[in-house]
Amino acid sequence: MIQVKGLEVRYGAVTALQDVSLQVDEGECVAVLGANGAGKTSLLRAISGFAPTAAGEIRFKDESIVGQRPENIVRSGMSHVPEGRGILGQLTVRENLELATAPWRRRGDSIDEDLERVHSLFPKLAERRDQRAISLSGGEAQMLAIGRGLMARPRVMLLDEPSLGLAPVIVTRVFDVLEEVAAQQLALLIVEQNAKQALRVADRVYVLSQGNVVMEGPAAEVRDDPKMAEAYFGV
Ligand SMILES: Nc1ncnc2c1ncn2[C@@H]1O[C@H](COP(=O)(O)OP(=O)(O)OP(=O)(O)O)[C@@H](O)[C@H]1O
Ligand SMILES: [Mg+2]
């Protein structure tokens, strides 16, 4: 579904990613683990078209998407749940969800089934549908961000640190839902610092350190590998 080869991302003199290769297959849940500044956000932003690619190849459904505009990439079936969630606080929960259908929706198309699906995953969002998004708790806001990602009807969803700033019990709930979503023929690419939760739900894992992939494998193997901690925290 997604193939990244030899990806390099630079900000002026700063090299954020160097020779990164990874793959996400259909229906697979892949986690990229890395500490602060490892390059996780840069990786997702390059894939979804928000960060320029200095070198390398990014393919989505067997087509090169390097240099394509983010809105075209979304329309072709990739949604990105950004770091910090990117919710529009002055709009209601329902309006935030509705906006995310723009890539596919034509006049007269119903979004009832899409809303129902999101509400059944996150009943709190149904309760709060007419509330302004700014009034949500951190956990609810993350759920809304994921709900929005789903409203775009993606084939693959990229998630940037869904655990960020949330209490441990909420993080567990968010990852439970991601596990449920992953079981519904949707591919997920999750970048995380929270290795424990990500390893719990992912099929395969890459470890990113200082812009390089330093380790990869099935989640069960990476979890039990004594080199994991060292790889994760870098030198
Ligand atoms: N817009 C930018 N301009 C300059 N340097 C940047 C920019 N964005 C990121 N960087 C640098 O690129 C490197 C990777 O940053 P990135 O945000 O991708 O890491 P991250 O793994 O997402 O970190 P965090 O866990 O803090 O979110 C860092 O050294 C960072 O300082
Ligand atoms: Mg980041």
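Coordinates for the structure precede this section.
So, here's what we can say about the structure. On a predicted model such as this, the values are computed, not experimentally measured, just so you know.

**Looking at the sheet that holds strand 4 (residues 55-60)**
- The strand order across the open sheet formed by 4 strands is 2-1-4-5, and the pairing between neighbours is antiparallel. Only two strands of the sheet have a single neighbouring strand rather than two, namely strand 2 (14-24) and strand 5 (63-64).
- Where helix 1 (residues 40-47) meets the sheet, it contacts strand 1 (2-11), strand 2 and strand 4, and its direction lies at approximately 115° from that of strand 1.

**Considering the packing of helix 4 (residues 112-121) against helix 6 (residues 138-151)**
- Direction vectors running N to C along helix 4 and helix 6 enclose 150°, while the axes themselves pass 10 Å from each other. For helix 4 against helix 6, the interelement crossing comes out right-handed. Along the contact surface, helix 4 presents Asp114, Arg117 and Val118, while helix 6 presents Gly147, Leu150 and Met151.

**So, the sheet that holds strand 10 (residues 212-218)**
- Strand order in the open sheet formed by 6 strands is 6-7-8-3-9-10, and the pairing between neighbours is mixed. Two strands in the sheet have a free side with no partner beyond their single neighbour: strand 6 (78-81) and strand 10. Each neighbouring strand pair of the sheet contributes to a mean axis angle of 15°, computed without reference to strand direction.

**Examining the site of ligand 1**
- What surrounds ligand 1 is a group of 13 residues, the closest being Tyr11, Ala16, Lys40, Thr41 and Ser42.
- Counting residues per element, the ones that place at least two in the shell around ligand 1 are strand 2 and helix 1.
- Broken down by element, the residue count for the shell around ligand 1 peaks at 3 residues, all from helix 1.
- Grouping the amino acids of the shell around ligand 1 by side-chain chemistry returns 4 nonpolar, 7 polar and 2 charged.

**A short note on helix 1**
- With 8 of 8 residues buried, helix 1 lies mostly within the body of the structure.
- Burial in helix 1 covers these residues: Lys40, Thr41, Ser42, Leu43, Leu44, Arg45, Ala46 and Ile47.
- Phi turns positive one or two residues past the end of helix 1, at Gly49, with a value near 90°.

**Overview of the pairing of strand 2**
- The pairing of strand 1 with strand 2 spans 7 bridges and is antiparallel. Its bridge partner being in strand 2, Tyr11 is matched across the sheet by Val14.
- Connecting strand 1 to the antiparallel partner strand 2 that follows it, the hairpin turn spans 2 residues, and Gly12 within it adopts a positive phi of roughly 55°.

Rules used throughout
Each chain has its residues counted from 1, following the order in which its sequence is written. Chains carry letters and ligands carry numbers; both start at the beginning, A for chains and 1 for ligands, and go up in the order they are written. Owing to the predicted nature of the model, reporting of local features is limited to residues with pLDDT of at least 70; listing and counting of side-chain atom pairs is limited to 80 or more, with chain, interface and lining totals taken over all residues. Whether two strands pair comes down to DSSP finding at least two bridges between them. We count a stretch as a helix when DSSP gives it H or I for four or more residues in a row; a strand needs E for two or more, and each element gets its number in order from the N terminus. Remark: residues whose backbone-derived C-beta atoms lie within 7 Å of one another are considered to be in contact. Axis definition: a line fitted to C-alpha atoms, over the contacting stretch in the case of helices. Angles run 0 to 180 degrees between N-to-C directions. The sense of a crossing depends on the near helix, which, turned anticlockwise from the far helix by less than a right angle, makes the crossing left-handed and, turned clockwise, makes it right-handed. Whether a residue is near a molecule or strand depends on its C-beta atom, generated from backbone atoms, being within 6 Å of that molecule or strand. Classes in brief: Ala, Val, Leu, Ile, Met, Phe, Trp, Tyr, Cys and Pro nonpolar; Asp, Glu, Lys and Arg charged; the others, Gly included, polar. Burial is judged by counting the other C-beta atoms within 10 Å of a residue's own C-beta: 20 or more makes it buried, 12 or fewer makes it exposed, and any count in between marks it as partly exposed, with every C-beta position built from the backbone.

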